[in-house]
Amino acid sequence: MIKLVAGALVAAVTLALPAVLDDSALAVYILLGLAAMVTVGVSLLMGYAGQVSLGQGAFYAVGAYTAALLALNGVPPIAGLVAAPVVAAVFALVIGVPLLRLRGHHLAFATLAMQLILLSLAGQLEFTGGDIGLQGIPQFGVGSFEFGSAAAYAYMTWAGLALVMLVTHNVITSRPGRALRALATSETAAASSGIPVGPYKLVVFALSAAFAGLAGGIYCFYTGYVAPGSFPVLISIQYIVMAVVGGLGTIWGAVVGAGAITLLVQGLDQLASLPGMPSYAPSVLSYAVYALVLIVVVLFLPHGLVPAIAGRLSRQRNDPPVETR
Amino acid sequence: MSAFLTYLLNGLAVGCAIALIASGLVVIHRVTGVVNFAQGTFAVVAGLCMSSLLGLGLPHGASEVAAVLAATVAGLLTGLAAIGKPGVTPLSSLIVTLGVGVLAYAVEIVLWGDQPRSAPGLAGSVTVAGARIQTQYLLVIAVTALTFVALALFFGRTYLGKALTACASNPYAARVVGIDVRRMGLLAFALGGLLGGIAGVLVTPMRPISFDTDVTLIVNAFAAAVFGALTRPVVTLAGALVLGVAETMAAGYGYGSHQLEIALGLMIVVMIVQASRRTAISQEST
């Protein structure tokens, strides 16, 4: 009952916000939703399949470039938006076959390398527009209806996020979801219980890439341009920070983590652009916040914010606190 | 022909610098099981420190030593953050070192700004068999050779080095005979900082260093260390030299813009080949 009411409340607030926010606040709101979309994928990949990807920004970029290229070549935007997650997922399937043989820190570095290669290629190739990138991407629209306002993009973003969360929820609660949890603990044990370890890991990798691709597609229509500079390595690290802060392997954790970090960085940006602050203040503050939050959470809240708070609440309600190490 | 020799020697020097950073990575990984993402940061800290100290008028020699010491302290601090708290898994420690690397960005920008900085090294050049090579490059090769000899002596001949090796091969047995594994881990991090610092001091005169150079450095070093499966220093040295020469040749013969792709592609291929040779069980138990 409480869950239903809370869910309805969250949905109502989410739907009401775009109508009351002004344009600059809407920009934050949209970026928050996009970040949450990617983070849900990261959380699924790290928390359930036990794989660390430092290259999630690459799939975001693939989605954005796919949608942008299609839209610039006269394909209807809706087709571009559908193609973005599909192409990102196919790309993940292709590179996942060799890469997912790797584990732990090897996989982390390989995915980071993949993103660096992709960015370097995007900066050199003709059809991606080189370092300047692609500009003049048309507005999103269906048929003759065209998205003119930021509020429309906000609704699109949060509808996308709802879809991503629904898919993730269904994956987690299904039989393959339990299999994923098993293989995150021990691949050998999972394989000997008859779980097809390789294909499952590959599918989750592709799914998380599709989420990132969808976010990338929306991003390119919203901003109107894409360039290699929009997808630095730091963006991939940022998704890790959000997923870890919120709590790995929890859907709401990813959303809360993305929200907390986005709002924190945004608040600090405002602080840093006050008169009298040095010109380097915004970047310094955001680097410091990412770093400190990441270190503190990994060391002292290893399960993340949402599980920690939920655990504390249920303990208060039910029984005297249990001393955990 | 002389162009080829120049590229070869320059490549060896670049490879030596990578090897120094990679050996720090190997030392830390052997003892603690942690892949230190902040290893490139140590080199950056040393390079930036050196450029500042030389700018303040400190003589050569003193500036370099001070810069390497600063990197050693940075290594120790990173170690404290990464393995100071008991019960943190190596993969969590990797994420912590990632955080330390990003935190270092903030500190570096406040102290040195976000523009690349350079420092004067050894001036002049010598001609070896018709190939001109800058003296600084020869210095890099010589210092790296000396460092690796010193490392071999340290690990093979001293009590402390043997204790570190003991922790690397079997932490439990090392604890049983009274070796403080955590202190050894911190020592390994400090040593990693020292090695990264030496690399930074040597690299800064060859190419300007800025706060975000560490990504290129760590990726190259990791690629080299992967040759030796992150545990064997000598294979790592060979891997770094191959990498340095391959990159410099690529740049020299006109594929300069694809330098990074070559290094990264090579790294991924080597890792996948290695992974296919090991079984899942042996990877999970280590």
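Residues numbered from 1 in each chain as written. Chains lettered and ligands numbered in written order. Predicted model: local features only at pLDDT ≥ 70, side-chain atom pairs only at ≥ 80, totals over all residues.

> Summarise the overall build of chain A; cite the residues concerned and give the values.
When you go through chain A residue by residue, the secondary structure sums to 13 helices and two strands. Its C-alpha atoms give chain A a radius of gyration of 20 Å, near enough to 20 Å, the size a compact globule of 325 residues would have. Counting every position in chain A, which comprises 325 residues, the buried fraction comes to 47%. For chain A, restricting intrachain contacts to residue pairs at least 6 apart in sequence, the fraction spanning at least 24 positions comes to 76%. (Helix = DSSP H or I, 4+ residues; strand = E, 2+ residues; numbered from the N terminus. Rg over C-alpha atoms; globule rule 2.2 N^0.38 Å. Buried ≥ 20, exposed ≤ 12 C-beta atoms within 10 Å, placed from the backbone. Contact = placed C-beta atoms within 7 Å.)

> Any chance you could break down the nonpolar core for me, citing the residues and the numbers?
Grouped together as the largest cluster of nonpolar side chains are 203 residues, with contacts concentrated most on A:A88, A:A113 and B:A46. With 16 residues, helix α1 (residues 2-32) of chain B is the largest single contributor of residues to this core. Leave out the neighbours within four places in its chain, and A:A113 touches B:V219, B:L264, B:M267 and B:I268. (Core = buried A, V, L, I, M, F, W, Y, C linked by C-beta atoms within 7 Å.)

> Now, about helix α4 (residues 90-112) of chain B: what can you tell me, with residues and values included?
Structural remark: α-helix, 3.6 residues per turn; residues separated by three or four positions point the same way. All names here are of chain B. The terminal C-alpha atoms of α4, which comprises 23 residues, lie 32 Å apart, in line with the 33 Å expected from a rise of 1.5 Å per residue. Of all 23 residues that make up α4, 17 are buried, and the element is covered over most of its length. One or two steps after α4, the chain reaches G113, where phi turns positive at roughly 75 degrees. (Expected span 1.5 Å × (residues − 1).)

> I'd like a description of the interface of chain A and chain B, backed by residues and values.
Counting residues at the interface gives 36 residues for chain A, matched by 38 residues for chain B. Sorting the residues of the side of chain A that touches chain B by element identifies α5 (104-122), α8 (187-192), α10 (233-246) and α12 (281-300) of chain A as the ones contributing at least two each. Considering each element in turn, the side of chain A that touches chain B owes the most residues, 11 residues, to α12(A). Partitioning the side of chain A that touches chain B into residue classes produces 25 nonpolar, eight polar and three charged. (Nonpolar A, V, L, I, M, F, W, Y, C, P; charged D, E, K, R; others polar.)

> Explain the confidence of the model for chain B to me, and be specific about the residues and the numbers.
All names here are of chain B. Considering every residue of chain B, the mean pLDDT works out to 82; 92% of them sit at 70 or more. Ranking the elements of chain B by mean pLDDT puts helix α12 (residues 280-285) last with 50 and helix α8 (residues 181-203) first with 89. Predicted complex metrics record ipTM = 0.80 and pTM = 0.81. (pLDDT = per-residue confidence, 0-100.)

> So, helix α2 (residues 39-55) of chain B: which residues are in play, and what are the values?
The first and last C-alpha atoms of α2(B) sit 25 Å apart over 17 residues, in line with the 24 Å expected at 1.5 Å per residue. Downstream of α2(B) by a residue or two, B:G57 has a phi angle that is positive, lying close to 95 degrees.

> Go over the confidence of the model for chain A with me, naming the residues and quoting the values.
The predicted model of chain A has a mean per-residue pLDDT of 81, with 94% of residues at 70 or higher. Here residues 319-325 of chain A is a poorly scored stretch, pLDDT under 50, and it has two contacts once near neighbours within four places are set aside; other chains count.

> Residue-level account of the environment of A:L72, with values.
All names here are of chain A. Relative to the assigned elements, L72 resides in helix α3 (residues 56-72). Between the C-alpha atom of L72 and that of L305, which follows or precedes it by 233 residues, the distance is 42 Å. If we skip the residues at most four places from it in the chain, L72 touches L134 and I137.

> Break down the packing of helix α11 (residues 251-272) of chain A against α12(A) for me, with residues and values.
Residues and elements named next belong to chain A. It is at 9 Å that the axes of α11 and α12 come closest, and there the two elements cross at 150 degrees. Viewed along their axes, α11 and α12 adopt a mutual orientation that is roughly antiparallel. Judged by the twist between their axes, the crossing of α11 over α12 is right-handed. Together, I261, L264, V265, L268, D269 and A272 of α11 and A281, P282, L285, S286, V289 and V293 of α12 make up the contact between the two elements. Of the residues belonging to the contact of α11 with α12, the class tally is 10 nonpolar, one polar and one charged. (Axes fitted to C-alpha atoms, helices over the stretch in contact; angles between N-to-C directions. Parallel < 35°, antiparallel > 145°, perpendicular 65-115°, else oblique. Left-handed = near helix turned anticlockwise from the far one by under 90°.)

> An account of the packing of α12(A) against α4(B) is requested, with residue identities and associated values reported.
Between α12(A) and α4(B), whose axes approach to 8 Å, the crossing angle comes to 155 degrees. Relative to α4(B), α12(A) is oriented roughly antiparallel. Note on packing geometry: the crossing formed by α12(A) with α4(B) is left-handed. For the pair formed by α12(A) and α4(B), the contact residues are A:S283, A:V284, A:Y287, A:A288, A:Y290, A:A291, A:L292, A:L294, A:I295, A:V298 and A:L299 on the first element and B:S92, B:I95, B:V96, B:G99, B:V100, B:V102, B:L103, B:Y105, B:A106, B:I109 and B:V110 on the second.

> Report on the environment of B:A238, specifying residues and quantitative values.
Residue and element names in this part refer to chain B. Structurally, A238 is set in helix α10 (residues 233-255). Take A238: there are 16 C-beta atoms within 10 Å of it, and that puts it in the partly exposed class. For the pair A238 and F227, spaced 11 residues apart in the sequence, the C-alpha separation amounts to 8.2 Å.

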